[in-house]
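The chain contents come next:
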Amino acid sequence: MMSRRQRIIKLLEERDYSVSELARALELRGRGSGKVILEDLKVIRRTLKHQGRVLLIKPAECRKCGFVFRPEIRVPSRCPRCGSEWIEEPRFKIETR
């Protein structure tokens, strides 16, 4: 049986996912499920570095004003430009370099 992180890697090799999509795909529920995925992604990024692969991050974006956040492994809660909470989550994908 594969570990949660191995399952995340397998999913991200196929296509890009947001944190909430990964949580649904792994059937994680509850308030802390997003934080668990984010912590796993940080560990996975370091692991991939040693394997010659990279975790690509499409940055979060405000759906109201279009502000683009820095590409980070986190989900922003509010736009610094307009204050909107209508934020498109960042998306993650694994590629070989």
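Residues numbered from 1 in each chain as written. Predicted model: local features only at pLDDT ≥ 70, side-chain atom pairs only at ≥ 80, totals over all residues. Heavy atoms only, no water.

Moving on, we come to the pairing of strand S5 (residues 91-96). Both faces of the sheet carry side chains from a regular strand, because those side chains alternate between them. Here strand S1 (residues 17-18) pairs with S5 via 2 bridges, running antiparallel. Its bridge partner being in S5, serine 18 is matched across the sheet by arginine 91. Both strand S2 (residues 53-58) and S5 contribute to a ladder of 6 bridges, which runs antiparallel. When the bridges of S5 are listed, isoleucine 57 appears paired with phenylalanine 92. (Pairing = 2+ DSSP bridges. Helix = DSSP H or I, 4+ residues; strand = E, 2+ residues; numbered from the N terminus.)

The next point concerns the environment of proline 76. Relative to the assigned elements, proline 76 resides in the loop between strand S3 (61-62) and strand S4 (87-88). Since its relative accessible area comes to 8%, proline 76 is described here as buried. Note: C-alpha distance between proline 76 and alanine 60 (16 residues apart in sequence) is 7.4 Å. Apart from the residues lying within four places of it in its own chain, the contact partners of proline 76 are Ala60, Phe69 and Ile87. (Buried < 20%, exposed > 50% of the residue type's maximum accessible area, 1.4 Å probe, protein only. Contact = heavy atoms within 4.5 Å.)

Here we take up the nonpolar core. Ile8, Leu12, Leu22, Ile37, Leu41, Leu55 and Phe92 are the most contacted members of the largest nonpolar core, which totals 19 residues. Going through the elements one at a time, helix H1 (4-14), helix H2 (19-25), helix H3 (33-50), S2 and S5 are the ones with two or more residues in this core. Element by element, the count of residues in this core is highest for H3, at 5 residues. Look past the residues within four positions of phenylalanine 92 in its chain and what remains in contact with it is Leu12, Arg15, Asp16, Tyr17, Val19, Leu41, Leu55, Leu56, Ile57, Glu72 and Ile73. In terms of nonpolar packing, the next biggest core, distinct from the first, is built from 5 residues, Ala60, Cys62, Phe69 and Ile87 among them. (Core = buried A, V, L, I, M, F, W, Y, C linked by side-chain atoms within 4.5 Å.)

Turning our eyes to something else, we now look at the sheet that holds S5. Sheet architecture is open: 3 strands sit in the order S1-S5-S2, paired in antiparallel fashion. If you trace the sheet from one side to the other, it starts and ends with S1 and S2, each paired once. Of the strands in this sheet, S1, S2 and S5 touch H1, which is tilted by about 85° from S5. Along the sheet, H3 contacts S2 and S5; its crossing angle with S2, the most-contacted strand, is approximately 140°. (Axes fitted to C-alpha atoms, helices over the stretch in contact; angles between N-to-C directions.)

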